[in-house]
Every structure is written in C-alpha cells, then in structure tokens.
Amino acid sequence: MRRVAFAIVGTIAGLVGLLSFKTHSASIANPPAAISTTGPSTSGGAPNTGSEPSAPSVPGSSSNTVTGDAADTRWGPVQVRITVTNGKLSDVTAVEYPSENPRDQEINSYAIPALNREALSAGNAKIDMISGATYTSQGYVQSLQSALDKAGLK
Amino acid sequence: MTPLTARAHTEQQRTVHVEHCMGTVFTIDIRDPGNWDDAIGDVVSWLHEVDRVFSTYRYDSDICRLQRGEITLDGADRDVAEVLELCADAQVVTGGYFTAMPNGRLDPTGLVKGWAVEHASRRLTAHGTANQAVNGGGDMQLVGEAASGRPWTVGIGDPRESRRVLTVVSGRDFAVATSGTAERGAHIVDPFTGHPATRAISATVTGPSLTQADAYATAVLVMGPAGVRWIADVDGYEALVVAADATCYRSSGWRIPTDVRSG
C-alpha cells in the first residue's frame, strides 16, 4: 500500500495562515437557547512564513520544515508538510492531494483548509483532538501524523 | 496499511498509533511513558475483529449473514448479542430516534463504532495505561489527562465554517461523539419518516460512555434542536446541536469555556 511521492506538486498558496479561533462565549439562556453564531470568522491570518518546500531541517534552528509520508487514499495520495517554529506547529500545508477530476477539487477545496485549521488549532491552542469527521481526513491525518512524529513534536 | 507508531521524547513520552479500519481512521494516543506495542497490537486486532463481525459492507460479516437469514443470533459472534442489546436499550432511551434498523434492515453501525472505541480504551487500561485517548473517526473516549495537570481538550468542529472550531470541551474520563449529515457522504435516516434527517446538520454528545454517546448523537441529529431538551433527562450526557438554519443549541449542562483562546 505504501507509495512514494515522487514530486512535491506545489504549495497550495493561501490555504492556510496562522489561524486563530474564538470559542463562543455569548450569554446563553436556558435550553434550547441559541448560541450566537456571529462570532468572528478567522480569515486573513498571518502569511505563511514557512521555509522553502525543499529546505532541509536544520538541527538547532528555531524553524523546521518536515514532510510527512505520502498516504494513499481512495482518491489518490495525500502528503502533508508541517513547519515547527520554536517547538510549536506553525504551518500545515498539503503538498500533494487528489485533484484528478472536478469532484476531487470540489471536495478538497473544502476539506483541506478544514483539516489545516484542525491541525493548527491542535498545535496552537492545545486542542488534543477534534470531534466531527471530515471527508478526506484519512490520508491527511496519516501523513500529518508521520510528519509530527518525524518532527518529534509533543 | 502503513503502520504509524512513533514515540517522541520531548516534554513527555507519548505513543501514537494511527490505524485505518471500518472505513475511517482510528487514533490511539497514549500519554504514559513506556513501551505499549503489545497494548496497541491488541487494540488494533480488536478493531479489525469488530469490523469483520459488524461490517455492513462485508458480505461474510455476521451482521450481513444475519440480514440474509443465513445464521441466527445463536450462531453469530457473541459480541453481536451484546451490541444488539445495547441498541435496544438506546432505542428505548431515545424514544425510537435511535434504532438498529434505520432502513428496515439490521444496521447497528450508529452504535458499533463508539462501542468498539470504548472497548479499545478499556483494553488499553487493562494493559496498564492511565492516560489515553482512542479516537475513531472523530468519536473518542478519553481517559486520565493529556499531560500532568492538563485535562484532555477536544475541539468541536464547526460543520458550516471550515476555518472555525465551534467550541471546546475539556475534562478527564469522558467521551465525545459527533454525528453530521455530511459525514462521509452517509445520510442518517429519520426512523419515523424513512427520509434523511434534516432538522440538524451536526449533533455532538458528551458523557461517560462513548457507546451511549455515539447512539445518542445519532438520535439527537434526527431530533434536531429538541434533542438538547431530551438529553437533559439523560443523566450524565450533554448535547450541542447545529440546526439546519445554522443556529447552535446546547443542553443546560453544556459548559461553555471562557478561558480558551488561541495561543
């Protein structure tokens, strides 16, 4: 099942910044009370300041870029690259993902940013796990996990 | 499949294993020092055994053979009787909003994954772990703490806005299950109409047992916003619902954290 990714397809620009999120803390009446859903949506995060895609990890530097193993999914290989800055996950980019047909692109235009957000939330806000399955998460999680493991993060 | 088990030695020793099974991904995350290869091997075998017995996609699974009338309950794996009993209990508690026969066919899927994860977690405990999480496709059972003095924190994904986490829940020894209409393309059927549930797009249930939380999340998704009132009478469980009109509802005991901000 294991496949080697031969090429880095390219950086998916603009998919991910250093996202922040706010939890809803609006005042809430007794159930079934509606929780305010007008909280800020977190677009426009900081620009990607990660290293060049092919930059090797430099021991002792404050910023390392690690690429996870390519993981096969039913839609094609998925490969994730992470940047670790000062011991914290600072960027996650899918460097390879299925895009062979319009349907794949449609799926990924939603799923990849969602998963990037999850990964960054987990790295920055000490969220240990995310509840709620996401469509193409399998290969992504697998590749991400291998990258995290290679980086020795947490 | 590619086994992914790794140990990292930085702040604390942690063992993580990712396994594909039941059409989704399972993560076993042990936060205790030690070599847990045997424990993980045991849990992984268990998960695949559950898939062999309960899959509705495997022609030769016990569930499919029961559907076709080729075997009776006596001839099935003994776990089948336990699961169907748990399904019957959940059907009673939820007033029929959860059922193991959502399409008129035997399909205990809405409870099996949570049940499998909860048993996986118990198996880890039996192997000696004290702080661990088992996550099956976004449904998880969490034991102990994520780190010394730091409880487990679980983000609830916002089904509408890809860049947001709706809220977080935090604690020790609890379970979180989320059911959604968009999840893996599968529609949850309203057993009273036979049509896909439309009142909510996402339902999350927390409580002590993932077996129950998983079934209740399915039921609450069908109930819609009314589900947060229903669950108020279920001891130990809370619910968060994102309705079809994108409004969020929570049960009275669902605590909204005020101390969590992005780092």
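All values derive from a computational prediction rather than experimental measurement. (Residues numbered from 1 in each chain as written. Chains lettered and ligands numbered in written order. Predicted model: local features only at pLDDT ≥ 70, side-chain atom pairs only at ≥ 80, totals over all residues. Heavy atoms only, no water.)

A. Broad picture of the nonpolar core. Residue and element names in this part refer to chain B. Core analysis: the largest hydrophobic core is formed by 62 residues, its most contacted members being Leu-47, Phe-54, Leu-111, Trp-115 and Val-205. The biggest single contributor to this core is helix 5 (residues 210-223), with ten residues. When residues no more than four places from it in sequence are discounted, the contact partners of Leu-111 are Val-83, Leu-86, Cys-87, Ala-90, Phe-98, Thr-211, Asp-214 and Ala-215. Listed in part, the 16 residues of the second largest apolar core include Met-140, Leu-142, Val-154 and Leu-240. (Core = buried A, V, L, I, M, F, W, Y, C linked by side-chain atoms within 4.5 Å. Buried < 20%, exposed > 50% of the residue type's maximum accessible area, 1.4 Å probe, protein only. Helix = DSSP H or I, 4+ residues; strand = E, 2+ residues; numbered from the N terminus. Contact = heavy atoms within 4.5 Å.)

B. Region of interest: helix 3 (residues 78-93) of chain B. All names here are of chain B. For helix 3, with 16 residues, the first-to-last C-alpha span of 23 Å sits near the 22 Å given by 1.5 Å per residue. Among all positions of helix 3, only Asp-79, Val-80, Val-83, Leu-84, Leu-86, Cys-87 and Ala-90 are buried. Looking down the long axis of helix 3, one finds its buried residues gathered within 160 degrees of arc, a one-sided arrangement. Structural note: helix 3 exposes Arg-78, Glu-85 and Val-92 on the side pointing more than 90 degrees away from its buried face. Of the surrounding secondary structure, the elements contacted by the buried residues of helix 3 are helix 1 (37-54), helix 2 (62-67), helix 4 (109-126) and helix 5. (Expected span 1.5 Å × (residues − 1). Arc of directions from axis to C-beta.)

C. The packing of aromatic side chains, seen in detail. Residue and element names in this part refer to chain B. Applying the stated criterion to the full structure yields five aromatic pairs over all chains. Ring centres of Trp-46 and Trp-115 lie 5.4 Å apart, and the angle between their planes is 50 degrees; this geometry places the pair in the tilted category. One end of the pair, Trp-46, is in helix 1; the other, Trp-115, is in helix 4, and 69 residues separate them in sequence. Residue classification places Trp-46 among the buried residues on the basis of a relative accessible area of 8%. Consider the rings of Tyr-216 and Trp-230, whose centres lie 5.5 Å apart with planes at 85 degrees: the pair is edge-to-face. Taken as a pair, Tyr-216 in helix 5 and Trp-230 in helix 6 (residues 227-230) lie far apart in primary sequence, 14 residues in all. Trp-230 shares its class with Tyr-216; the two are buried. The ring of Tyr-59 has Arg-68 lying over it, and the distance from NZ or CZ to the ring centre is 3.6 Å. (Phe/Tyr/Trp six-rings, centres within 6.5 Å; stacked < 30°, edge-to-face > 60°. Lys NZ or Arg CZ within 6 Å of the ring centre and 35° of its normal.)

D. Quick look at the side chain of Thr-247 of chain B. Residue and element names in this part refer to chain B. Residue placement: Thr-247 occurs in the loop between strand 10 (238-243) and strand 11 (248-250). According to the relative accessible area criterion, Thr-247 is buried, its value standing at 17%. Within polar-contact distance, the side chain of Thr-247 engages the side chain of Asp-245 at 2.8 Å. (Polar contact = N/O pair within 3.5 Å; in protein donor to acceptor, adjacent residues only side chain to side chain.)

E. Broad picture of the packing of helix 3 of chain B against helix 4 of chain B. Residue and element names in this part refer to chain B. Packing of helix 3 against helix 4 brings their axes to within 11 Å, and their N-to-C directions diverge by 120 degrees. Read as a crossing pair, helix 3 and helix 4 show a hand that is right-handed. In this structure, helix 3 contributes Asp-79, Glu-82, Val-83, Leu-86, Cys-87 and Ala-90 to the contact, and helix 4 contributes Leu-111, Val-112, Trp-115 and His-119. Partitioned by chemical class, the residues of the contact of helix 3 with helix 4 number seven nonpolar, one polar and two charged. (Axes fitted to C-alpha atoms, helices over the stretch in contact; angles between N-to-C directions. Left-handed = near helix turned anticlockwise from the far one by under 90°. Nonpolar A, V, L, I, M, F, W, Y, C, P; charged D, E, K, R; others polar.)

F. Region of interest: the environment of Ala-203 of chain B. Residue and element names in this part refer to chain B. Examined against the element boundaries, Ala-203 turns out to sit in strand 9 (residues 200-207). Residue classification places Ala-203 among the buried positions, given a relative accessible area of 0%. When residues no more than four places from it in sequence are discounted, the contact partners of Ala-203 are Ala-177, Thr-178, Ser-179, Ala-217, Val-220, Leu-221 and Leu-240.

G. Representation of the packing of helix 4 of chain B against helix 5 of chain B. All names here are of chain B. The interhelical angle for the contact between helix 4 and helix 5, taken along N-to-C directions, is 155 degrees, at an axis separation of 7 Å. The angle between helix 4 and helix 5 falls in the class roughly antiparallel. The interaxial crossing formed by helix 4 with helix 5 has right-handed handedness. Contacts between helix 4 and helix 5 involve Gly-110, Leu-111, Lys-113, Gly-114, Trp-115, Val-117 and Glu-118 from the first element and Leu-210, Thr-211, Asp-214, Ala-215 and Thr-218 from the second. (Parallel < 35°, antiparallel > 145°, perpendicular 65-115°, else oblique.)

H. Looking closely at the confidence of the model for chain B. Residue and element names in this part refer to chain B. Looking at chain B, pLDDT values average 86 and 89% of them are 70 or higher. Low confidence marks residues 1-11, where pLDDT is under 50. Its contacts with residues over four positions away, or in another chain, come to 32 contacts. Low pLDDT, under 50, characterises residues 258-263; the stretch is placed with eleven contacts to residues that sit more than four places away or in other chains. The ipTM assigned to the predicted complex is 0.84, against a pTM of 0.69. (pLDDT = per-residue confidence, 0-100.)

I. Representation of helix 4 of chain B in the model. Residues and elements named next belong to chain B. With 18 residues, helix 4 ought to run about 26 Å at 1.5 Å a step, and its terminal C-alpha atoms sit 26 Å apart, in line with that. Every buried residue of helix 4 is listed here: Leu-111, Val-112, Lys-113, Gly-114, Trp-115, Ala-116, Val-117, Glu-118, His-119, Ala-120, Ser-121 and Leu-124. Turning to helix 4, the residues buried within the fold contact strand 3 (24-30), helix 1, helix 3, strand 4 (132-136), strand 5 (139-143) and helix 5. Positive phi appears at Gly-128, one or two residues downstream of helix 4, with a value of about 110 degrees.

J. Fine view of the pattern of salt bridges. Residues and elements named next belong to chain B. For the coordinates displayed, the defined rule picks out nine salt bridges over all chains. Residue Arg-31 is joined to Asp-29 by a salt bridge in which the shortest nitrogen-to-oxygen separation is 2.8 Å. Note on accessibility: Arg-31 and Asp-29 belong to one class, buried. Note that Glu-70 is salt-bridged to Arg-68, the shortest N-O span being 2.6 Å. (Salt bridge = Lys/Arg side-chain N within 4 Å of Asp/Glu carboxyl O.)

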